[in-house]
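Here is what each chain is made of, one letter per residue.
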Amino acid sequence: MAGAGGGGNDVQWCFSQVKGAIDDDVAEADIISTVEFNHSGELLATGDKGGRVVIFQQELESKSQPQCRGEYNVYSTFQSHEPEFDYLKSLEIEEKINKIRWLPQKNAAQFLLSTNDKTIKLWKISERDKRPEGYNLKEEDGRYRDPTTVTKLRVPVFQPMDLMVEASPRRVFANAHTYHINSISVNSDCETYLSADDLRINLWNLEITDRSFNIVDIKPANMEELTEVITAAEFHPNQCNTFVYSSSKGTIRLCDMRASALCDQHSKLFEEPEDPSNRSFFSEIISSISDVKFSHSGRYMMTRDYLTVKIWDLNMESRPVETYQVHEYLRSKLCSLYENDCIFDKFECCWNGNDSVVMTGSYNNFFRMFDRGYRQDVTLEASRESSKPRSVLKPRKVCTGGKRKKDEISVDSLDFNKKILHTAWHPQDNIIAVATTNNLYIFQDRL
Amino acid sequence: MINTMECAVDAQSLISISLRKIHNSRTQRGGIKLHKNLLVSYVLRNARQVYMNEKYAEIYRMQQYEEVMTVCNEIQELNPLDLAEDCEEQSGDCCGNDGVSEPASLCCALLPVSHLTAVQSAHIQAPSACSAPLSLQSDEVCKETEPSFYRSCCAEAYPVSNCDFSPVNNNLHCNKTTVLDLDTHVVTTVENGYLHQDCCASFQQCCQGAQSPAKKRKVDFEYYISDIEEVPDFTPCKRAKFEDCSYANSEHLDTSNISNLISIFGSGFSGLVSRQADFEQAMNGQFCSKQALASLGAWTRAIVAF
């Protein structure tokens, strides 16, 4: 069974690294809640439920082993959000990082946006490898000298020091969202970004924190008439006037900000009619879209609902051009998945660098890749057992009925507590980051 | 049609599970999750639709059977010999007239709204199909049954104007009862061998106007309000005539509860808001619908406070 990979059907995925604690007793604060590569792929950021951001940096390829890609090592760790309490509504605001989005790099420093349910923050991550020495009024340890003892003047000079990575909050965008923020997306103009909650989408300027424009508002006049919420939103990668947002009803709306100030009226509505033979108690839940991502080209977009991944051509609103079944065998288990709340899990999805392969997570620490060109798909597992350096991942198979073959796993044996919700693909290389509950796995293709 | 066979959990337990989820969400860290609760409300609505339709069909079957048996017993006492002849005749007529076939969808307990028009028109066109009837006393029952009895089947203006009230025609037409639920716009057809001849009473008789829908709805919720775990008690309706049944069981009936339940289990959030909710009952861990409503009201107030 060939692996699905970028550009060919013979990509084999190998284990590279795993980050995080080994023990099975997972602290809630360590649960990874978002994973994102920066635009060059050199940096990999993760956010967790405890409000922390950990950034990994890829080491430069060593000269001795030019064929090996560099490893990712911890570059910076900081506490992005703290738990807060809204006294007016008697509500606790979780510090969990919902999304991280990198800004394109403009100078030596790196910038990223991180958000929890209510507040977005712009962080500057900068390196310091020099420090000034030779102050006239201060000793080396920082104590002030007695001015009367100063007899001559000298110019301080920069001396090299151990590399220090500093993260500092440059902007705090607060108090603009009544409901829980689910998405942020940086515009291709690099000046603005959007933030979306359940009912509204706001447009911000990265420089201005005390004002934002509301561009989408689907809150009904009477909350009793509410039938759908916004689940994800993203700017088009090339057209700075275009963005999309998905809904809990399984629809995607494309909006053009040039058309009007308030984009309640969509320019395009993407919706696939429901198959009446599949109607169940849970039809509304499984059709709710959990993630939407534009392709790098900007021509397609991908949506993830509970059981499928769909690729849409922006020029065709009536139905997706491709539909991939992620774990169709779960359709008969929806009742149990509803009882244990797994049916509400929000899986993300991602494109590879040249938009030929898409990836998404599943249960039992499985993740799936779909090669659009070769029409192949593969199921792989992120587990400690297959974590020997450079060991090739073996494709996994779920047995849906009948006799279970060797190496297959039956649906009833799947561990629904081990879920892969967040995955990321390096923008240029075949390197993927896959987050299990509290571990981050990095896989790369075999060179 | 909702595929209710997909899991072992029935509509009733889905309703309790859903209510429990909504209740638990009030105490979850981070505040009420609007998205999740909206999705749970959809499950509640779907489960309610199925539950109500199942219950309604069952109620109706029981009523029909009871009435039929009561009248049959009376008739049997009067003239057992005549009965036997008529029965054979009727059966022959009935079973021989199965030329018009009903669309399968008429027999579904739950229909998507899009099928509704098809069903209605189909029923208008083909009221004469017969199922395997328990048609022993159809003739006499048609004559004897009180007009009020016909109210039971018709939730709204029944679009069958070509039904005569003659015994023969009744026999041909009336082995199915189709009811339009104004609340959920679901058409239910009860057809299982019991006599349903009352469904095709004349237009005027069938339509008692707004009375009927309200009565029907009250019956539904009357059974629903009682503890979910219990099987609803049909006894009151069995003994009384149907028109009385609607007003019976007052210890369970609480008008504000009913109207709140109606609004609560509609679609989307209109199904989870109680306008006049004033429930002060403490939660004691038992998730019968009444107690769960107390939490729903408070939760909705929190939402509205946004």
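Note: the structure precedes this text.
So, here's what we can say about the structure. (Residues numbered from 1 in each chain as written. Chains lettered and ligands numbered in written order. Predicted model: local features only at pLDDT ≥ 70, side-chain atom pairs only at ≥ 80, totals over all residues. Heavy atoms only, no water.)

### Focus on the overall build of chain B
Definition in use: Secondary structure elements are defined from DSSP: runs of H or I of at least 4 residues count as helices, runs of E of at least 2 residues count as strands, and each element is numbered from the N terminus. Relative accessibility decides the category of a residue: with a 1.4 Å probe and only protein chains considered, values under 20% of the type maximum give buried, values over 50% give exposed, and everything between is partly exposed. Any pair of residues with heavy atoms lying within 4.5 Å of one another is described as a contacting pair.
A tally of regular secondary structure across chain B gives 13 helices and 2 strands. Here chain B holds 306 residues, and 55% of them are scored as buried. Taking the intrachain contacts of chain B between residues at least 6 apart in sequence as the baseline, contacts between residues at least 24 apart amount to 75%.

### Description of the sheet that holds strand E21 (residues 300-304) of chain A
Residue and element names in this part refer to chain A. As a reminder of what qualifies: Think of it this way: DSSP has to see at least two bridges between two strands before they count as a pair. Helix axes use the C-alpha atoms of the stretch in contact, all axes being lines fitted to C-alpha atoms, and the angles between their N-to-C directions lie in the range 0 to 180 degrees.
Across the sheet, which stays open at both edges, the 4 strands sit in the order E20-E21-E22-E23 with antiparallel pairing between neighbours. Because the sheet does not close on itself, it has two edges, and the strands there are strand E20 (291-294) and strand E23 (322-325). Across the sheet, the axes of successive neighbouring strands diverge by a mean angle of 15 degrees, strand direction being ignored. The sheet contact formed by E21 and strand E22 (residues 308-313) spans 5 bridges and is antiparallel. Considered in E22, the bridge of Tyr300 is made with Asp313.

### Quick look at the interface of chain B and chain A
Condition: Computed with a 1.4 Å rolling probe, the buried area is the accessible surface lost when two parts are put together, summed over both parts. By definition, a salt bridge exists where a carboxyl oxygen of Asp or Glu is found within 4 Å of a side-chain nitrogen of Lys or Arg. Polar contact criterion, stated in full: a pair of N or O atoms within 3.5 Å, where within protein one must be able to donate a hydrogen and the other to accept it, and residues adjacent in sequence count only if both atoms are side-chain atoms. When residues are grouped by polarity, Ala, Val, Leu, Ile, Met, Phe, Trp, Tyr, Cys and Pro land in nonpolar, Asp, Glu, Lys and Arg in charged, and all others, Gly among them, in polar.
Taken together, the contact between chain B and chain A spans 36 residues of the former and 39 residues of the latter. Summed over both partners, the interface of chain B with chain A buries about 3,500 Å², with 62% contributed by carbon and sulfur atoms. At the boundary of chain B and chain A, one finds 6 salt bridges. Here Arg29(B) and Glu95(A) are joined by a salt bridge, their closest N and O atoms 2.7 Å apart. In this assembly, chain B and chain A are joined by 16 residue pairs in polar contact (both at pLDDT 80 or more). Elements that contribute at least two residues to the side of chain B that touches chain A include exactly helix H1 (11-25) and helix H2 (34-78) of chain B. With 12 residues, the single largest contributor to the side of chain B that touches chain A is H2(B). For the side of chain B that touches chain A, the per-class residue count stands at 20 nonpolar, 9 polar and 7 charged.

### Looking at the nonpolar core
The line we're drawing: Put simply, buried Ala, Val, Leu, Ile, Met, Phe, Trp, Tyr and Cys residues joined by side-chain atoms within 4.5 Å make one nonpolar core.
The biggest cluster of nonpolar side chains holds 37 residues, and the ones touching the most others in it are Phe282(A), Tyr306(A), Leu330(A), Tyr338(A) and Ile343(A). Mapped onto this core, the elements with two or more residues apiece are helix H1 (283-287) and helix H2 (334-339) of chain A together with H1 and H2 of chain B. Of all the elements, H2(B) adds the most residues to this core, at 7 residues. Apart from residues lying up to four places away in sequence, Tyr306(A) is in contact with Ile286(A), Ser288(A), His327(A), Leu330(A), Leu334(A), Leu337(A), Cys342(A), Ile343(A), Asp345(A), Phe347(A) and Tyr363(A). Counting residues in each nonpolar core, the second largest holds 18 residues, with Phe15(A), Cys350(A), Ile432(A) and Phe443(A) among its members.

### Looking at the environment of Asp429(A)
All names here are of chain A. As for its placement among the helices and strands, Asp429 is situated in the loop between strand E30 (422-425) and strand E31 (431-435). Look at Asp429 and you get partly exposed, because its relative accessible area is 31%. For Asp429 and Gly353, which are 76 residues apart along the polypeptide, the C-alpha to C-alpha distance reads 7.0 Å.

### Structural notes on the pairing of strand E4 (residues 52-58) of chain A
Residues and elements named next belong to chain A. Across the 7 residues that make up E4, a large majority, 6, are buried. Bridge count between strand E3 (residues 43-48) and E4: 5 bridges; the pairing is antiparallel. In the strand pairing of E4, Leu43 is matched with Gln57. Hairpin connection from E3 to E4: 3 residues lie between these consecutive antiparallel strands, with Gly51 at a positive phi of about 85 degrees. The pairing of E4 with strand E5 (residues 72-79) spans 7 bridges and is antiparallel. In the strand pairing of E5, Val53 is matched with Phe78.

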